[in-house]
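Results of the structural survey
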Amino acid sequence: MHDREFGNGNGYSNGNGYNNGNGNGNGYTNGNGNSIGNGNVNVNGAKVIKMKPMDSELLREQGHIMVDFIADYYKNLQDSPQDFPVLSQVQPGYLRDMLPDSAPDQPESLKELLDDVSKKIMPGITHWQSPSYFAYYASSTSVAGFLGEMLNAGLSVVGFTWLTSPAATELEIIVLDWLAKLLQLPDHFLSTGNGGGVIQGTGCEAVLVVVLAARDRILKKVGKTLLPRLVVYASDQTHSSFRKACLIGGIHEENIRLLKTDSSTNYGMPPKSLEEAISHDLAEGFIPFFICATVGTTSSAAVDPLVPLGEIAKKYGIWMHVDAAYAGNACICPEYRKFIDGIENADSFNMNAHKWLFANQTCSPLWVKDRYSLIDALKTNPEYLEFKVSTKDAVVNYKDWQISLSRRFRSLKLWMVLRLYGSENLRNFIRDHVKLAKHFEDYVAQDPHFEVVTTRYFSLVCFRLVPDDGDEEKCNERNRELLAAVNSTGKIFISHTALSDKFILRFAVGAPLTEEKHVTEAWQIIQKHASKFTRNGHY
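Quick caveat, the model's predicted, so the values are computed rather than measured. The residue count restarts for each chain, going from 1 along the sequence in the order it is written. For a predicted model such as this one, the threshold for reporting local features is a pLDDT of at least 70, and the threshold for listing and counting side-chain atom pairs is 80 or more; totals across whole chains, interfaces and linings nevertheless cover every residue. Calculation of side-chain values draws on the structure's entire complement of heavy atoms; hydrogens and water are dropped beforehand.

Here the focus is the overall build of the protein. The secondary structure content of the protein amounts to 14 helices and 13 strands. Taken across its 539 residues, the protein has 51% of its residues classed as buried. Pairs of residues are marked as contacts when any of their non-hydrogen atoms sit within 4.5 Å. Expressed as a percentage of contacts within the protein between residues at least 6 apart in sequence, the contacts between residues at least 24 apart total 71%. Computed with a 1.4 Å probe, the accessible areas rest on the Shrake-Rupley method; for each residue, only the protein chains presented here act as cover. Put simply, the protein shows about 25300 Å² of open surface, and 52% of that area lies on carbon and sulfur atoms. Only DSSP runs of H or I with at least four residues qualify as helices, and only runs of E with at least two residues qualify as strands; both kinds are numbered from the N terminus onward. Between buried and exposed lies partly exposed: a residue is buried under 20% and exposed over 50% of the maximum accessible area for its type, with that area taken using a 1.4 Å probe on protein chains only.

Spelled out as structure tokens, the structure:
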């Protein structure tokens, strides 16, 4: 998004000088030094250097070195891709023999450490930021997001209550209202009403806290003894974190209804199946209390129809959560906003800004219609965290909106992304990714040996080699072999899923460095390795 690059060279050298701390001043390393000095201390007659963990000048110097190292990494991902296999090719346990058995007693230099990163850590990295990464949904990065993370780490505040850093709380409230308006969410999700937003670490955390909020809300009505009768609903395409959240929340596994989907709805949840399941459960004495709808499933980016699902949820008084971890980001574009039509009947909505809004890991905004349901389920009030405010709602204490007490100042990077790029640039970048996916989809559609399996809504293409003579079992095996062959090259990385018992290949565009040439090269690699499975053995 920005052409500016930080520094040149190998990214970890800045001269060979160092200060060994023998004076009485504030000695510190200079790139290759071995110590951080802050005067001398005598221990058993020997002079040792007192550690100073945060020295502003050392931070300035070594911070530049680290920025150079990271900037060079991104540059080399583009200029020397042969040195960075997209999918790591190492074997399990590779690192054990490369590192010492115990931590060092004496400090080592930053140069030594970064040498080890280059030689020992990088071979074990799957390069999610590579322009040829097309596997899972992206972990998007940006200069703005990186700078926000840097500022966050530098300030290192722990904003669990308003008092512990008022700006951390208030900026989060404001920025999530900004984002809610970009998504055209209903007013009841804004902080000005009974709802509001909070940044969770991941979508997995988001679904857990809303399951707990919905569970406690219904148990207040029916009594805690009826927990074993509570029932939840989702499609069989819903992310696995939903099942985990339910189990953590005490929902019996046999009460988790995963409704079957198929190609007739492009793997979206069928409203008729949902209403039939609810009616059956009510007749059997169960208590339906939670529906998890998804906009952009992990397997195939399927979209559950929120309008009819929301009407069902409203009819039966059931909490509906919308998991839009991936595709929710695209809904800041007016042409994709239609995919969350019906959100007005949802009780909560979540998206991962670190997936496709370039906010770097981790940043998962969650909005709730009724903040008090969330707070009542999660609040803790130990004496040491008490402080007086004029009214109950005078401040927000985000410790009561999440599982953990401690929390990072994540809103900084989201604020920086929105300000340094602007919403229109963000929309256009998402649109570019969708166009690249369409480009790949066109390649697939034009090749008689392949087929596109599902309707593409966003930047994910689901495809496969077509079966010979209708033999699906053999077809599945050929696609497995093709996946392994393609990924073993190290030149690209794609992933797979299963839909209707078919082994499907996934091609997801989302890495910030990806351009049309990378999509074309990826298709050429896939075609080359697919030739061994075609009748004539070549293209």
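Let's pick the thread back up.
It is worth spelling out the pattern of salt bridges at this point. By definition, a salt bridge exists where a carboxyl oxygen of Asp or Glu is found within 4 Å of a side-chain nitrogen of Lys or Arg. Scanning all chains against the criterion turns up 25 salt bridges. For lysine 379, the salt bridge identified is with aspartate 376, shortest N-O distance 3.8 Å. Relative accessible area serves as the criterion here: at 43%, lysine 379 is assigned to the partly exposed category. Counted as one network, the salt bridges with shared partners bring together Glu335, Glu424, Arg427 and Arg431.

Across the sheet, four strands lie side by side as E10-E11-E13-E12; this open sheet has antiparallel pairing. Both edges of this open sheet fall to strand E10 (450-452) and strand E12 (495-499), since each of them pairs with a single strand only. Taking the axes of each pair of neighbouring strands and ignoring which way they run, one obtains an average angle of 40° across the sheet. A pair of strands is treated as paired once DSSP finds two or more bridges between them. Pairing analysis gives three bridges linking E10 to strand E11 (residues 460-465), with the strands arranged antiparallel. Bridging across to E11, phenylalanine 450 finds its partner in leucine 465. Fitted lines through C-alpha atoms serve as axes, helices being fitted only where they are in contact, and the angles separating the N-to-C directions of these axes extend from 0 to 180 degrees. Seen against the sheet, helix H13 (residues 472-488) touches E10, E11, E12 and strand E13 (502-508) and runs at an angle of roughly 35° to E13. Seen against the sheet, helix H14 (residues 516-530) touches E10, E11 and E13 and runs at an angle of roughly 135° to E10.

What follows is about helix H12 (residues 423-446). Any helix carries an expected span of 1.5 Å times its number of residues minus one. Its 24 residues give H12 an end-to-end C-alpha distance of 35 Å, which sits within 8% of 34 Å, the value for a rise of 1.5 Å per residue. When H12 is considered as a whole, its buried residues turn out to be Leu426, Arg427, Phe429, Ile430, Arg431, His433, Val434, Leu436, Ala437, Phe440, Glu441 and Val444.

H12 packs onto helix H11 (residues 411-421) with a crossing angle of 90° between their chain directions and a minimal axis gap of 6 Å. It follows that H11 is roughly perpendicular to H12 by the angle criterion. For the pair H11 and H12, the contacting residues are Val417, Leu418 and Tyr421 in the first and Ser423, Asn425 and Leu426 in the second. Angle categories: roughly parallel below 35 degrees, roughly antiparallel above 145, roughly perpendicular from 65 to 115, and oblique for all the rest.

The subject of this paragraph is the pairing of E13. Across the seven residues that make up E13, a large majority, six, are buried. Here E11 pairs with E13 via four bridges, running antiparallel. Residue valine 461 lies in a different strand from E13, and its bridge partner there is phenylalanine 507. Here E12 pairs with E13 via five bridges, running antiparallel.

Here the focus is helix H2 (residues 110-121). Every buried residue belonging to H2 is among Leu110, Leu114, Asp115, Val117 and Lys120, and all of these are buried. Turning to H2, the residues buried within the fold contact helix H1 (56-79).

Bringing the packing of H12 against H14 into the picture now. Contact geometry for H12 and H14: axes closest at 10 Å, N-to-C directions at 25°. What the angle tells us is that H12 and H14 run roughly parallel. Relative to H14, H12 is oriented so that their crossing is right-handed. When H12 is examined against H14, the residues Leu436, His439, Phe440, Tyr443 and Val444 are found in contact with a partner set consisting of Glu516, Val519, Thr520, Trp523 and Ile526. Residues are grouped as follows: Ala, Val, Leu, Ile, Met, Phe, Trp, Tyr, Cys and Pro are nonpolar; Asp, Glu, Lys and Arg are charged; every other residue, Gly included, is polar. Split by residue class, the contact of H12 with H14 holds seven nonpolar, two polar and one charged. By definition, any crossing whose near helix is turned counterclockwise from its far helix by less than a right angle is left-handed, and any crossing with a clockwise turn is right-handed.

Glancing now at the nonpolar core. Definition used in this section: a nonpolar core is a set of buried Ala, Val, Leu, Ile, Met, Phe, Trp, Tyr and Cys residues joined via side-chain atoms within 4.5 Å. Counting residues in hydrophobic clusters, the biggest one holds 73 residues, and the most contacted among them are Phe349, Trp367, Leu414 and Phe458. For this core, the leading source of residues is helix H4 (residues 166-182), giving seven residues. Not counting chain neighbours up to four residues away, the residues in contact with phenylalanine 458 comprise Ala301, Val303, Tyr326, Ala327, Ala330, Tyr336, Phe339, Trp356, Val434 and Ala437. Residues Ile173, Phe242, Phe290 and Trp401 belong to the second largest nonpolar core, which totals 34 residues.

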